[in-house]
Structure formats: C-alpha cells, structure tokens
Amino acid sequence: MKVAVIGCTHAGTAAIVNTAQLYPEAEITVYERNDNISFLSCGIALYVGGMVKDPQGLFYSSPQQLAELGVNTKMRHEVVSVDTDAKVLQARNLETGEVFEDRFDKLIVTTGSWPIVPKFEGSDLENILLSKNFNHSNTIIEKAKQASNIVVVGAGYIGVELVEAFQLNGKHVTLIDAEERILSKYLDAEYTDKIEQSLRDHGIELALGQKVTRFEGENGKVAQVITDKGTYAADLVIMCIGFRPNTELLKGQVDMLDNGAIIVDEYMRTSKPDVYAAGDSCAVYYNPTGKHAYIPLATNAVRMGTLVARNLVTPTVKYMGTQGTSGIKIYEDNIAGTGLTEAAAKDAGLDAEAVLITDNYRPEFMPTHEPVLLKVVYEKNTRRILGAQIMSKVDLTQSINTISVCIQNGMKMEELAFVDFFFQPHYNKPWNFLNSAGLQVLPEVPKRDTVHA
C-alpha cells in the first residue's frame, strides 16, 4: 500500500506516525514544503515573549524520527498538482526546481491553513509580518528587538497573546480589530469587557471597531497603520486576521464548504474514494449546531489525524465531533470556553438563553476563595447545553472540559445541576459552581390547587 501525505504539522504528524505503526508494510511518502515539521504554533507567543527558552521543545517530531518508522519524508518539496481519479501527484523540489510524479493508493491531505492577508496599500513595506510557523516566529523575535511601536492586527487568540508578550517585553503595543470586541468568536461581552480593561490597565492601546485601510512607510519600512478612524505609529506590524484552509490542490475534486474547507465524513473520508483529510484544511462536525464548521484547532487536528490512520483501510473508529473547546491565559486571568457563545447561538438561529453566575470557587472559611465567573448557554425549549465560558484568577479551566463532555452527550441543564462532583474544601463547595449554574434554571415544578389525601 502506497500512502502519500501532503503536509506535516499537527494532523499530518499524527496521521503519519499512526499509519506507520498500524501498517508496517505501507510505503509512506510525506511531502512538506517547509524545512521543519510538527511545529506547535500555539506556542509562538510564549516563544516570542521569552517564556519558552528552547524552541526545540515546540516540535514533537522530526524527519529523523519519522525515518526510524520507515517513513520517507521529502522536506522542502511542494505538491503542485493532484489527480485524485488517476491517483497521481506532481511535486517540486524547492531546492533544485525538479518536478516529478508520484503515484499513491491512499492520499492523506493535511495541508493545514494559511493566514488571511488582505491586499492593503503598502502591504509590501518591510516589517509587516505573519505569525503562523517557526520561521515567522524567529523573524518576529529578531525584528521586535529593534521595534518600539508594535501594531498587531487581529484580536483573536494569537493576536491577544502576542500583544501581551510584546507589552511584557517593554514595547508600546496597539491592537487593531474590525470587530467591536476582542476574542468575539470565543467569548461573550461579560468576559471580553474584563479582558479589554486588563489589557488597557497594562498600557495596551485598543483600536476596536476599526478597519485597516493602508500602511505608510519611510525608507521602505512600515511607519504607520492607517484605519478608517485613526493613525497608529508602527515600526513592526503583525498580521493575525485569521486563517483560511489551504486546499487549492483539491478544488473541484472533493466536496468543500464555501471557504474551501474539505468536508470529511465521520471516518475522515472525503467525497473521493481513498482520499482522506484532517486538520486545518478540513471542516469538522460541530456538535452544538449539528453542522459542519471551520474550527482550526490543534486538538481537532491531532484527533482527526489519528483517526485517518485508524480508518485508512477499514472504517473502524468514528469521529465524535467537536465543541471547539479552547483556553487562554491573559496576565493573571485563566479563561476557557466551549461550544456556542450566547451571541453565536443567536446568530445560528437557535432560541438560546444563558445563566451567568459569580461565585467563590471554594468555601469562604478557606484562607483564599477567589471568585469564578461562569456562563452556560442552553437551548430554551429543549434545555440542551450549547456552550459555556469561565474566567478566574485560579486555574479552573478544566471545568470547561467537563462542559464539553456534557455538550457532546446532549445533556440538559437540569442534568448538569445534579451531576456527581466531589466536594473537598481545598478545591470546591458542596455544590460545585457547575451544579449551581444548572440549579439556577431548573424547570418549574407543576402546582396543584388541591392535595388529595
């Protein structure tokens, strides 16, 4: 069995390692256009901020390790075309320019995503950078040494983490986003209001509800970012607007969402036989809505990559879908979310309600008992849990993993109210705050006018 793999980051590495272990007789060839594999891009801000001293810790595999499994890894090779019917691909050696053909029995597409880069006037100026891979992170670190005013465009997870890292390194930082709130895809206003205030308290300038229109420069280097509402000094700009699936190779050959994300079934199969896909190049089944969605997360990628290998020969293990569970630490605040925010639920056409509680996470007789802010979103009629968000100075983020399981299993708010959680004063109260959220919205008890003996 000849297996060709295109791309080797999270999903690709998981698919390759498991395929090699499960099918030792398979002839596996990997095509990777970069000069490294398996980079944990979620660690870029930690690396840029200096918390991660040894960048090798951000890699969890290498061509040498794959070679030990019998895998032929072709680094700095770009696949330029694929014929899924003829089961043939063409690849270019980026070092020599040589183009050659290869055949496959099974194709695994783990081409990932690439940053969205709008064509603003002045985009070709120096010191306007992307933040996606290891080479990007090294360039950011080197350029930041000489920068005083850094502008980050895009207030998603990466953008917010980067502005914190730059501020801690003594830079003047501005965060620009077209949305009125930061992290608006992940958190409701009760959370983003507090995070925005924290960023401002640390001296970060927020330029929200503003669209970048152009860049201006001096001597070929960026000097200002111009928005529809203001002008911001910048000797370094990091673009973090978002990501798009990198799927041009398969356009017109397999089913995709409108944005180009490949649609796979529960066994990671595309609409074309013997062509599998996983990771950021794919749409995933989103349990809160019951529809396919584009949710590029490393956790989704490694699960999907592992399942590709498990199902490569025979459908064996089904994908359980995702809740898009994620977390972030911003200064002293530990934040996590899963499923739909209240705003996203309403945008999806769901009749959603939410309960918001603030409680001390453990008994008040303990020496410390910091508050936790918890919000649980649910469907009004069915009372099905749709999502949740949490924030505290104490790390209580694992509670969101619990809610993720609840959503995955279709649980209702009244079930959350009475789930069995342990009690120990060091950690919680007799009623866990997750229970408390459910207790606040229990169904009404039917009343009778008379009671018969």
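Procedures and definitions
- Residues numbered from 1 in each chain as written.
- Predicted model: local features only at pLDDT ≥ 70, side-chain atom pairs only at ≥ 80, totals over all residues.
- Heavy atoms only, no water.
- Helix = DSSP H or I, 4+ residues; strand = E, 2+ residues; numbered from the N terminus.
- Buried < 20%, exposed > 50% of the residue type's maximum accessible area, 1.4 Å probe, protein only.
- Contact = heavy atoms within 4.5 Å.
- Pairing = 2+ DSSP bridges.
- Axes fitted to C-alpha atoms, helices over the stretch in contact; angles between N-to-C directions.
- Arc of directions from axis to C-beta.
- Salt bridge = Lys/Arg side-chain N within 4 Å of Asp/Glu carboxyl O.
- Core = buried A, V, L, I, M, F, W, Y, C linked by side-chain atoms within 4.5 Å.
- Phe/Tyr/Trp six-rings, centres within 6.5 Å; stacked < 30°, edge-to-face > 60°.
- Lys NZ or Arg CZ within 6 Å of the ring centre and 35° of its normal.
- Polar contact = N/O pair within 3.5 Å; in protein donor to acceptor, adjacent residues only side chain to side chain.

A. Layout of the overall build of the protein. From N to C terminus, the protein includes 11 helices and 25 strands. By principal-axis analysis of the C-alpha atoms, the protein measures approximately 90 × 60 × 40 Å. Taking all 453 residues of the protein together, 54% fall into the buried category.

B. Representation of the environment of Glu101 within the structure. Assignment of secondary structure puts Glu101 in strand β6 (residues 99–103). With a relative accessible area of 49%, Glu101 lands in the partly exposed category. Between the alpha carbons of Glu101 and Gln90 there is a distance of 4.5 Å; along the sequence they are 11 residues apart. What Glu101 contacts, discounting residues up to four positions off in sequence, is Val88, Leu89 and Gln90.

C. The arrangement of the environment of Ser404 in detail. Take Ser404: it is sitting in helix α9 (residues 398–408). Of the residues examined, Ser404 reaches a relative accessible area of 10% and is grouped as buried. Placed 281 residues apart in sequence, Ser404 and Ser123 show a C-alpha to C-alpha distance of 40 Å. Not counting residues up to four positions away in its chain, the partners in contact with Ser404 are Gln323, Thr325 and Thr338.

D. Looking closely at the sheet that holds strand β12 (residues 205–208). The strand order across the open sheet built from five strands is β9-β16-β10-β11-β12, with neighbouring strands paired in parallel fashion. The sheet is open, and its two edges are formed by β9 (128–130) and β12, each paired on a single side. Across the sheet, the mean angle separating the axes of adjacent strands is 20° when strand polarity is ignored. Pairing of β9 with strand β16 (residues 236–239), which is carried by three bridges, proceeds in the parallel orientation. Residue Leu130 lies in a different strand from β16, and its bridge partner there is Met239. This element, helix α4 (residues 134–144), spans β9, β10 (149–153) and β16 of the sheet and lies at about 145° to β9.

E. Just α9, in detail. For α9, the set of buried residues is Ser399, Ile400, Ile403, Ser404, Cys406 and Ile407. Within α9, the buried residues cover an arc of 160° as seen down the axis, which keeps them to one side. Tucked inside the fold, the buried residues of α9 contact β22 (333–339), β25 (385–392), α10 (413–417) and α11 (433–439). Gly410 sits one or two residues past α9 and shows a positive phi near 65°.

F. Representation of the pattern of salt bridges. Under the criterion given, the structure shown has 22 salt bridges. Among the ionic pairs, Asp102 bridges to Lys2, the shortest N-O distance being 3.2 Å. Taken as a pair, Asp102 in strand β6 and Lys2 in strand β1 (residues 2–6) lie far apart in primary sequence, 100 residues in all. Lys2 gets classed as partly exposed once you look at its relative accessible area, which sits at 27%. Its salt-bridge partner being Lys132, residue Asp280 comes within 3.9 Å of it at the nearest N-O pair. Of this pair, Asp280 sits in the loop between β18 (275–277) and β19 (284–286) while Lys132 sits in the loop between β9 and α4, and the two are 148 residues apart along the sequence.

G. Spatial organisation of the nonpolar core. Leu89, Leu107 and Ile262 are the most contacted members of the largest nonpolar core, which totals 53 residues. Ignoring sequence-local partners within four residues, the contact set of Ile262 consists of Val109, Thr247, Leu250, Val254, Asp255, Met256, Thr270, Ala277, Ser281, Cys282 and Ala283.

H. Representation of the sheet that holds strand β13 (residues 212–218) within the structure. Strand order in the open sheet formed by three strands is β13-β14-β15, with antiparallel pairing between adjacent strands. The outermost strands of the open sheet, each flanked by one partner alone, are β13 and β15 (231–233). Shown here is a sheet whose adjacent strand axes are inclined to one another by a mean of 25°, direction ignored. Bridge analysis of strand β14 (residues 221–227) against β15 gives three bridges, and the strand direction is antiparallel. The residue bridging Ile226 from the neighbouring strand is Thr231, located in β15.

I. Spotlight on the packing of aromatic side chains. Counted by the stated rule, this structure contains five aromatic pairs. Consider the rings of Tyr31 and Phe100, whose centres lie 6.3 Å apart with planes at 40°: the pair is tilted. Highlighted residues: Tyr31 in strand β2 (residues 27–32) and Phe100 in strand β6, separated in sequence by 69 residues. Ring centres 5.8 Å apart and planes at 85° place the aromatic pair Phe120 and Phe215 in the edge-to-face group. With Phe120 in the loop between β8 (113–115) and β9 and Phe215 in strand β13, this pair connects stretches of sequence that are 95 residues apart. The exposure classification of Phe120 matches that of Phe215, with both residues buried. Its guanidinium or amino end placed over the ring of Trp114, Arg33 lies 5.9 Å from that ring's centre, counting from NZ or CZ. Above the face of the Phe243 ring, Lys132 is positioned so that its terminal group lies 4.7 Å from the ring centre.

J. Molecular detail of α4. Of all the residues in α4, the buried ones are Phe134, His136, Ser137, Ile140 and Ala144. Down the axis of α4, the buried set is contained in an arc of 160°. They therefore lie on one face. Contacts from the buried residues of α4 go to α2 (44–48), β8, β9, β10, α5 (157–168) and β16. The opening residue of α4, the one whose side-chain oxygen lies 3.2 Å from the backbone nitrogen of Asn135, is Asn133.

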